[in-house]
Amino acid sequence: MSQVILHHYGLSPFSEKIRLALGIKGLSWGSVDIPPAPPRPLLVPMTGGYRRTPVLQVGADIFCDTNIILPALDRLYPEPTLYPAAFGSLSQALSFNWERTAWIPVIGVLVHFLGDLPPDFLKDRKDGYLYIDISHAAMEPEFELNVQRVRAQLAWLKGALADGRKFLFGDAPSALDLGYYHPISLIRKNSPPAEVDDLLGLASILPWYNRITNFGHGKPSELSAEAALAIAKAAEPAPVTHIAADTRISGPRPGAAVTVTPDDNAKVPVTGTLVAADETEIVLHRHDPQAGDIHLHFPCAGFEMRAA
Ligand SMILES: N[C@@H](CCC(=O)N[C@@H](CS)C(=O)NCC(=O)O)C(=O)O
């Protein structure tokens, strides 16, 4: 099997979710450091324009969105699992809802502490990613409301951990622990932690938080964007054997030209030929002169597939 390659940047909390998963699984992986904002000219040939971070590459297979990256990692490297049997689906559902609900409030709390970010960065986030102004001036009037919103979500996390358990589903970490962890880490790593702990009432869950921090990131080795692209070009996409039966009775069929677009932000459509889909995953084929034949994998939740 080809080496696992993560295209990411240090400050990206969604990337941290994946780095920690690589740590839990003790994997060696190639680390391609991408800029925090486009242009990313050596990544686009592989992603077809999908613009969010992180992106996971395994040879000529490209996984877009952490909600398909983690299941893919778990399929390729099953031990230890991130989806404990009875709680795998619950983990996916709760993680999706927390990340969606909390993301903008978390950014509101973050910019309260950070102050203003560089104008170019703010413009990129407004025009190409979140479609809102996340400057300090624009977010600050909602600061207290954002604290309420985050605390309301965290109350459930605190409640779930209140009996002193190590992780949400017991003694072993799951994808849900990582999902909850990374937005909290974004705030704690970029503001005075003690102040944030008071503001968000985090004291009781710090042992859980520190346990997750301690997993680390596995064994990354730096890889250039050029080398990653060459690896994709030299590889063939893996046969799609994990999508067993497509029980969908409507929507595009394999072989159809389709677009796949995030439904929340960074709504850049990726065009390709549908290879396979079920109700959890979409696989597209694309051919690019620089990247060769590529399979792109998206989760169904949070993405819209349409006939092209
Ligand atoms: N639902 C996506 C969200 C990813 C996301 O929003 N990532 C941020 C960085 S943490 C991003 O893409 N920012 C804009 C960029 O990097 O271009 C996922 O789970 O992967």
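Cut-offs applied
- Residues numbered from 1 in each chain as written.
- Predicted model: local features only at pLDDT ≥ 70, side-chain atom pairs only at ≥ 80, totals over all residues.
- Heavy atoms only, no water.
- Helix = DSSP H or I, 4+ residues; strand = E, 2+ residues; numbered from the N terminus.
- Rg over C-alpha atoms; globule rule 2.2 N^0.38 Å.
- Buried < 20%, exposed > 50% of the residue type's maximum accessible area, 1.4 Å probe, protein only.
- Disulfide = S-S within 2.5 Å.
- Pairing = 2+ DSSP bridges.
- Axes fitted to C-alpha atoms, helices over the stretch in contact; angles between N-to-C directions.
- Contact = heavy atoms within 4.5 Å.
- Core = buried A, V, L, I, M, F, W, Y, C linked by side-chain atoms within 4.5 Å.
- Domains from an automatic or database assignment.
- Buried area = accessible area lost by both parts, 1.4 Å probe.
- Salt bridge = Lys/Arg side-chain N within 4 Å of Asp/Glu carboxyl O.
- Polar contact = N/O pair within 3.5 Å; in protein donor to acceptor, adjacent residues only side chain to side chain.
- Nonpolar A, V, L, I, M, F, W, Y, C, P; charged D, E, K, R; others polar.
- 1 Å grid on protein atoms, 1.4 Å probe; cavity = no way out; pocket = protein on both sides within 12 Å on 5 of 7 lines; lining within 4 Å.
- Points joined across faces, edges and corners; volume = space filled by probe spheres on them.
- Parallel < 35°, antiparallel > 145°, perpendicular 65-115°, else oblique.

Chemist: Would you mind showing me how to read the overall build of the protein here?
Modeler: When helices and strands are tallied, the protein shows 11 helices and 10 strands. Taken over the C-alpha trace, the protein has a radius of gyration of 19 Å; the compact-globule value for 308 residues is 19 Å, and the two agree within 12%. Along the three orthogonal principal directions, the C-alpha set of the protein runs to about 55 × 45 × 40 Å. Considering the protein as a whole, with its 308 residues, one finds that 53% of them fall into the buried category.

Chemist: Where do I start with the state of the cysteines in this structure?
Modeler: The full count for this structure, using the stated rule, is zero disulfides. The thiol of Cys64 is unpaired, and the distance to the nearest cysteine sulfur, on Cys300, comes to 13 Å. Owing to a relative accessible area of 0%, Cys64 belongs among the buried residues under this scheme. Taking the relative accessible area as the measure of exposure, Cys300 reaches 18% and is therefore buried.

Chemist: Explanation requested: the environment of Ala137 in the structure shown.
Modeler: For Ala137, the position within the fold is in helix 6 (residues 136-139). Residues Ala137 and Val111, spaced 26 residues apart in sequence, show a C-alpha to C-alpha distance of 9.3 Å.

Chemist: I would appreciate a short explanation of the sheet that holds strand 9 (residues 292-299) in the present structure.
Modeler: Pairing between sheet strands relies on hydrogen bonds along the backbone, with the strands arranged either parallel or antiparallel. Here we have 10 strands laid out as an open sheet, ordered 5-2-1-3-4-9-8-7-6-10, and mixed in their pairing. Two strands bound the open sheet, and with one partner strand each, they are strand 5 (219-222) and strand 10 (303-307). Recorded for the sheet is a direction-independent mean angle of 35 degrees between the axes of neighbouring strands. Bridge count for strand 4 (residues 61-64) against strand 9 is three bridges, and the pairing is parallel. Residue pairing in the sheet places Asp61 in a bridge with His295 of strand 9. The strands that helix 3 (residues 66-76) touches are strand 1 (4-8), strand 3 (55-58), strand 4, strand 8 (281-288) and strand 9; relative to strand 4, the one it contacts most, it runs at about 135 degrees.

Chemist: Is there a simple way to think about the nonpolar core in this case?
Modeler: Here is a general trend for soluble globular proteins: nonpolar side chains tend to be buried in one another's company. Grouped together as the largest cluster of nonpolar side chains are 58 residues, with contacts concentrated most on Leu73, Leu157, Ile184 and Trp208. Residues from two domains meet in this core; each of domain 1 (4-80 + 220-307) and domain 2 (85-212) gives at least three. In terms of nonpolar packing, the next biggest core, distinct from the first, is built from 28 residues, Ala235, Val258, Leu284 and Ala291 among them.

Chemist: For this particular structure, what's the right way to read the domain arrangement of the protein?
Modeler: Interface size is commonly expressed as the accessible area that is lost once the parts come together. Entries for the protein in the domain assignment read domain 1 (4-80 + 220-307) and domain 2 (85-212). In this structure, domain 1 and domain 2 have C-alpha centres spaced 24 Å apart. With 25 residues of domain 1 in contact, the opposing surface of domain 2 contributes 24 residues. Both faces combined, the contact of domain 1 with domain 2 buries some 1900 Å², and carbon together with sulfur accounts for 61% of it. Counting across the domain 1 and domain 2 interface gives five salt bridges. One salt bridge in this structure joins Lys189 and Glu16, with 3.6 Å as the shortest N-O distance. Seen at the junction of domain 1 and domain 2, the total is 10 residue pairs in polar contact (both at pLDDT 80 or more). Secondary-structure elements contributing two or more residues to the side of domain 1 that touches domain 2 are helix 1 (13-24) and helix 3. The greatest single-element share of the side of domain 1 that touches domain 2, amounting to seven residues, is contributed by helix 1. Taken together, the residues of the side of domain 1 that touches domain 2 sort by class into 14 nonpolar, four polar and seven charged.

Chemist: Just checking my understanding: could you explain the layout of surface pockets for this structure?
Modeler: If you roll a probe as big as a water molecule over the atoms, it shows you where there is empty space left. Its volume calculated, the largest pocket comes out at about 860 Å³. Around the largest pocket, the lining comprises 39 residues; the ones closest to its centre are Pro13, Phe14, Trp103, Ile107 and Tyr129. Sorting the residues of the lining of the largest pocket by element identifies helix 1, helix 3, helix 4 (88-114) and helix 5 (119-129) as the ones contributing at least two each. With nine residues, helix 4 is the single largest residue contributor to the lining of the largest pocket. In the lining of the largest pocket, the residues fall into 24 nonpolar, seven polar and eight charged. Mapping the lining of the largest pocket onto the domain boundaries places at least three of its residues in each of domain 1 (4-80 + 220-307) and domain 2 (85-212). Taken as a whole, the second largest pocket holds about 360 Å³ of empty space. Among the secondary structure elements, those contributing two or more residues to the lining of the second largest pocket are helix 3 and helix 4. Along the lines of polarity and charge, the residues of the lining of the second largest pocket split into eight nonpolar, five polar and four charged.

Chemist: Where do I start with the packing of helix 4 against helix 8 (residues 175-189) in this structure?
Modeler: Close contact between helix 4 and helix 8 brings their axes to 9 Å; oriented N to C, the two are set at 5 degrees. With respect to helix 8, the axis of helix 4 lies roughly parallel. Contact with helix 4, carried on its side by Ser91, Leu94, Ser95, Trp98, Glu99, Trp103, Val106, Val109 and Leu110, involves Ala175, Leu176, Gly179, Tyr180, His182, Pro183, Ile184, Leu186 and Ile187 of helix 8 and no other residues of that element. Here the contact of helix 4 with helix 8 is composed, by residue class, of 13 nonpolar, four polar and one charged.

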